[in-house]
Amino acid sequence: MKLHNIQNTSKWFTIVLAMWIVLIITLLALLILEYIIPFSKNVKGIENSSKAYYEANSWIEDALWFTSQNSVGSESWTIISSTAVWNNFTVIGLGDILPPVWKWNSEYDSDWNKIAEWQPIQLDIWSGAISNWNTVDFYFRVPDLDYNKSSSEILWWSNPIVNWQLSWEADAVNASWSYIYPWDVCDSDTSCSTGDINFSLKTWIQLAWTSINFASFYATECDDGTEQCSLKLSVINDLELSDGTPVPYLEWKIDFGTPVALRFAQVNSSGKSYWFKKELEVKVAQQTVIEAFDFTIFQ
């Protein structure tokens with residue numbers, strides 16, 4: 001009888017012990033899963049985040065290849081897919097106003113670009129792009145260096161500060177006596193909306209030292225249906241205020257009133273991988289000649 005009771009006790013002890021072992025193993029498994037599952041989600045999230053970035057970056061490369069293989073000002077876009085993983089890009093190469101609104105590089109005003117020594121403006125003006133240069137408005141302005149519109153920063157200098165050059169493959173005209181002077185530049189406290197400069201009335205000098213009107217040169221050399229001309233503007237003297245304060249650059253804006261090639265093509269690229277999306281934007285200089293080439297003009 002005692003032996004039978006001992007056997008029963010041993011059996012129940014074994015069952016209880018097994019239950020406790022199962023319980024402990026279950027709790028340990030749940031504890032491990034509590035750490036593993038979030039970690040797994042994080043790893044997957046990092047994977048999809050990286051994939052979204054590389055998808056977007058790969059299409060930047062495709063967009064750059066497109067701009068290199070097509071004429072200046074060419075535009076393109078791809079259609080967004082409905083799949084879990086997709087990418088697309090757009091290339092914006094044309095605009096009526098340069099720079100486009102809010103697509104700026106001036107630190108003082110988001111609607112203006114900057115021109116400085118070793119940072120010229122160069123634009124491709126293809127055949128027939130401009131039908132009437134009288135309607136094209138060029139603006140230069142001193143940046144608001146102190147962020148105070150009630151005070152005015154004014155250029156102080158009598159020498160020319162900006163040279164203009166319109167060129168094609170066989171000839172060019174330079175500003176010569178039609179440079180931009182400090183009095184052509186708007187003060188920092190103005191909107192500059194009435195301070196436009198008219199190109200078409202300016203007389204320039206060809207490489208053969210013959211005078212020619214800007215609009216006439218464009219009509220003869222750049223508007224015959226086949227040629228493409230390049231308009232370049234370069235700072236040629238120091239920029240200073242009346243108190244001697246150096247001005248880092250001038251702000252500029254051009255209103256063509258018709259689509260022309262932007263100074264910088266805007267490339268937008270998107271990449272998506274499940275619930276992660278990455279958007280990239282780069283600016284691509286459409287065409288530039290280093291300013292060292294201007295040296296020959298002033299010899």
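Please read these numbers as outputs of a predicted model, since none were measured by experiment.

## A look at the pairing of strand β4 (residues 121–126)
Then, number 1: Across the 6 residues that make up β4, a large majority, 5, are buried.
Then, number 2: The pairing of β4 with strand β10 (residues 228–235) spans 6 bridges and is antiparallel. Following the sheet pairing, D124 is matched in β10 by S230.

## Remarks on the state of the cysteines
Then, number 1: Across all of its chains, the model carries 1 disulfide by this definition.
Then, number 2: Disulfide partner of C186: C192, at an S-S distance of 2.0 Å. Between C186 and C192 the disulfide shows an S-S torsion of about 75°. By sign, it is right-handed. Comparing C186 with C192, the two get one shared label, buried.

## Some remarks on the side chain of S167
Then, number 1: Counting through the fold element by element, S167 comes out in strand β6 (residues 162–167).
Then, number 2: On the basis of relative accessibility, which here comes to 18%, the residue S167 falls in the buried class.
Then, number 3: Excluding its chain neighbours within four sequence positions, the residues that come into contact with S167 are A172, Q228, C229 and S230.

## Describing the nonpolar core
Then, number 1: Judged by nonpolar contacts, the single largest core of 45 residues is most densely connected at W133, W164, L166 and F256.
Then, number 2: Elements supplying a minimum of two residues to this core: β4, β5 (137–141), β6, α2 (214–222), β10 and β11 (250–273).
Then, number 3: By residue number, the principal contributor to this core is β11, which donates 6 residues.
Then, number 4: For W133, the residues in contact, after removing those within four places along its chain, are I125, F138, N198, F199, S200, F214, Y218 and F256.
Then, number 5: By size, the runner-up hydrophobic cluster in this structure holds 10 residues, among which are A56, V91, L280 and V284.

## A closer look at the sheet that holds β10
Hydrogen bonds between backbone groups are what pair the strands of a sheet, and the pairing can be parallel or antiparallel.
Then, number 1: With respect to topology, 6 strands assemble into an open sheet ordered β4-β10-β6-β7-β8-β9, the strand pairing being antiparallel. What marks the edges here is a single partner per strand, and that holds for β4 and β9 (211–213). With direction set aside, neighbouring strand axes in the sheet form an average angle of 30°.
Then, number 2: Both β6 and strand β7 (residues 172–174) contribute to a ladder of 3 bridges, which runs antiparallel. Of the residues in β7, the one forming a bridge with Q165 is N174.
Then, number 3: Contacts from α2 reach β4, β6, β7, β8 (203–206), β9 and β10, with the element oriented near 85° to β9.

Criteria and cut-off values
Residues numbered from 1 in each chain as written. Predicted model: local features only at pLDDT ≥ 70, side-chain atom pairs only at ≥ 80, totals over all residues. Heavy atoms only, no water. Buried < 20%, exposed > 50% of the residue type's maximum accessible area, 1.4 Å probe, protein only. Helix = DSSP H or I, 4+ residues; strand = E, 2+ residues; numbered from the N terminus. Pairing = 2+ DSSP bridges. Disulfide = S-S within 2.5 Å. Contact = heavy atoms within 4.5 Å. Core = buried A, V, L, I, M, F, W, Y, C linked by side-chain atoms within 4.5 Å. Axes fitted to C-alpha atoms, helices over the stretch in contact; angles between N-to-C directions.

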